[in-house]
Amino acid sequence: YTTAAAALEEPIKPPVNVKYDKLLINGQFVDAASGKTFPTLDPRTGEVITHVPEGDAEDINRAVSAARKAFDEGPWPKMTAYERQRILLRFADLVEKHNDEIAALETWDSGKLFEQCAKIEVPMFVRLFRYYAGWTDKIHGMTIPGDGPHHVQTLHEPIGVCGQIIPWNFPLVMFAWKVGPALACGNTIVLKTAEQTPLSALLVSKLLHEAGLPDGVLNIVSGFGPTAGAALCSHMDVDKIAFTGSTETGKIVLELSAKSNLKPVTLELGGKSPFIVCEDADVDKAVELAHFALFFNQGQCCCAGSRTYVHEKVYDEFLEKAKARALQRAVGDPFKSGMEQGPQIDSEQFEKILKYIRSGTESGATLETGGDRLGTKGYYVQPTVFSNVKDDMLIAKDEIFGPVQTILKFNELNDVIKRANNTRYGLAAGVFTSNLDTANTLTRALRAGTVWINCFDTFDATIPFGGYKMSGIGREKGEYSLKNYLQVKAVVTALKNPAW
Ligand code: ADP
């Protein structure tokens, strides 16, 4: 990695300034009630980018009041669906116009590759808002025969004030997955950003107001989980919580929500997704896809293909090539073009990954390549590959959330099905085969919310995403996501003249 490591010592100056670094409450950028702030850091260097308000329970109260008022008094939920649609479409156009500025801010705050943000994530954000804009005027109830003599209908109504808590690995995309459907359905929102990545949400929210969003409909609070996040989950005036993050925190979120006012909760949590390379695989293609499935976004994906199961017939060839591919991976400044991997998000994640790497070696897995930090500054980790991994090793059970590929051998389809399913998680699975029967068998047998066959991380706005087991509750994206943000009201009218 010598060339890339040398480049790390001289970080590129980000081509963007921070314009907004406050809380957004009732359409105004404001300080925290306590006056407290905390720094957000550049993962390339660990240096401070800026300080943002440390929102806590009092700020959550202020934000919820604004959202409550905007919901109860309107105009948002009472606007015509077409008016709401036009605001969301104007917003998508504005984001598209500011594509590179938004992408650069995201890269600076998160260490994600600029090319990935500019070419994939911001365009995906735009697509998601256009998708949800399309739904606004297509949400409606049913007319039901009933047992008579009644006229029976359902109204699909917005649920109210939505609390949304998002993580740092895809700050913009998670914003779109949450805010898009909530707004399309006519709700108002208090969104808590992740403490590592508070900036991009503020920039796009400003554009959303420019597009015509009324004040108070979307409120953004930066702050920490146990204070601001917990206050949002416990709030008696919040009608729904949507959370993406770790399984451990998801349990707290659900508990706080239940203990307060039993608000419904959707959770998108951790994973330890299998990626299964079958005996008929074209090994070169399988290596490339398995590499992408694990290393994409510095390995910081809840659905990362983090258990690579390879059939014994192709195992040796696969291993050699997977190792060579990891060695080739271009790691460096995420603003530099042609890079494939930037730094991890922060020192905590960085240390955690290095600890898992040590645990892998100690438990007897073979370290094929990588295994250490890269450079001396920031949070870069060498692309790491372990072979000879056994199912009961920690590196095969826990979510590492870093660039660490663990390769396991299998010899029989039924065996790999059992092993793939032997996890508390069930977010996603990858299958690489050209045999239709194998594909169908695995698809039906794998207990996961998504099965990708001969592809991975395909994230269209239209495709539902969510977890089985301890990977979550509910689905985001696609039509399925709407029901998280709607109440169903049954309307039963007595008929005076049942004959008609
Ligand atoms: P990670 O460990 O990857 O940061 P978390 O699940 O802790 O994942 O964080 C995801 C989001 O959940 C962040 O916005 C974080 O602030 C928030 N969070 C953390 N702890 C709590 C909590 N006790 N209550 C509510 N939200 C929380």
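Note that the coordinates shown come from a computational prediction; the quantities given were computed from them, not determined experimentally. (Residues numbered from 1 in each chain as written. Predicted model: local features only at pLDDT ≥ 70, side-chain atom pairs only at ≥ 80, totals over all residues.)

(A) Structural context of the site of the ligand. Taken together, the neighbourhood of the ligand is formed by 17 residues, with G225, G229, G245, S246 and T249 sitting nearest. Among the elements of the structure, helix 8 (225-234) and helix 9 (247-260) are those that each provide at least two residues to the shell around the ligand. A total of five residues in the shell around the ligand trace back to one element, the largest contributor, which is helix 8. Taken together, the residues of the shell around the ligand break down into ten nonpolar, five polar and two charged. (Near = placed C-beta within 6 Å. Helix = DSSP H or I, 4+ residues; strand = E, 2+ residues; numbered from the N terminus. Nonpolar A, V, L, I, M, F, W, Y, C, P; charged D, E, K, R; others polar.)

(B) Examining the pairing of strand 6 (residues 150-158) more closely. Relative to strand 6, strand 5 (residues 143-144) runs antiparallel, the two being bridged by two bridges. Counterpart to T143 in the pairing with strand 6 is Q153. Counted between consecutive antiparallel strands, the loop separating strand 5 from strand 6 contains five residues, among which G146 sits at a positive phi close to 65 degrees. Sheet topology note: the strand 6/strand 20 (residues 486-494) ladder contains nine bridges and is antiparallel. Bridging from a neighbouring strand, H151 pairs with T493 of strand 20. (Pairing = 2+ DSSP bridges.)

(C) Layout of the sheet that holds strand 6. Read from one edge of the open sheet, three strands run 5-6-20, paired in antiparallel fashion. Every interior strand has two partners, whereas the edge strands, strand 5 and strand 20, have only one.

(D) Examining the environment of D215 more closely. With respect to the secondary-structure elements, D215 resides in the loop between helix 7 (199-210) and strand 9 (218-221). Each C-alpha atom of the pair D215 and P75 lies 9.6 Å from the other, and the pair is 140 residues apart in sequence. Excluding anything up to four places from it in sequence, D215 contacts N26 and G27. (Contact = placed C-beta atoms within 7 Å.)

(E) Quick peek at helix 5 (residues 114-135). Taking 1.5 Å of rise per residue, 22 residues should cover 32 Å, and helix 5 covers 30 Å from first to last C-alpha, within 8% of that figure. At E121, helix 5 shows its maximal bend, which comes to roughly 25 degrees, and the proline P123 appears one to four places after that position. Along helix 5, the residues classified as buried are F114, C117, E121, V122, F125, V126, L128, F129, Y131, Y132 and A133. Next to the buried residues of helix 5 lie helix 3 (81-97), helix 4 (99-110) and helix 6 (171-184). (Expected span 1.5 Å × (residues − 1). Bend = angle between axes of the 7 residues up to and from the residue. Buried ≥ 20, exposed ≤ 12 C-beta atoms within 10 Å, placed from the backbone.)

(F) Spatial organisation of the sheet that holds strand 15 (residues 384-387). Here we have seven strands laid out as an open sheet, ordered 14-15-16-13-12-17-18, and mixed in their pairing. Two strands close off the open sheet at either side, each with one partner strand: strand 14 (366-369) and strand 18 (450-453). Geometrically, the sheet is characterised by an average inter-axis angle of 25 degrees between neighbouring strands, direction not taken into account. Taken together, the four bridges between strand 17 (residues 428-432) and strand 18 define a ladder with parallel strand orientation. Counterpart to A429 in the pairing with strand 18 is V451. (Axes fitted to C-alpha atoms, helices over the stretch in contact; angles between N-to-C directions.)

(G) View of the UniProt feature "active site" (unreviewed entry) in the chain. Residues annotated in UniProt with the feature "active site" (unreviewed entry) correspond here to E268. By the element assignment, E268 lies in strand 11 (residues 265-268). With 28 C-beta atoms packed within 10 Å, E268 lands in the buried category. With residues up to four places along the chain from it excluded, the contact list for E268 reads T244, C302, G466, G467, G472 and E476. (UniProt positions renumbered as here; feature names shortened; annotations may be inferred.)

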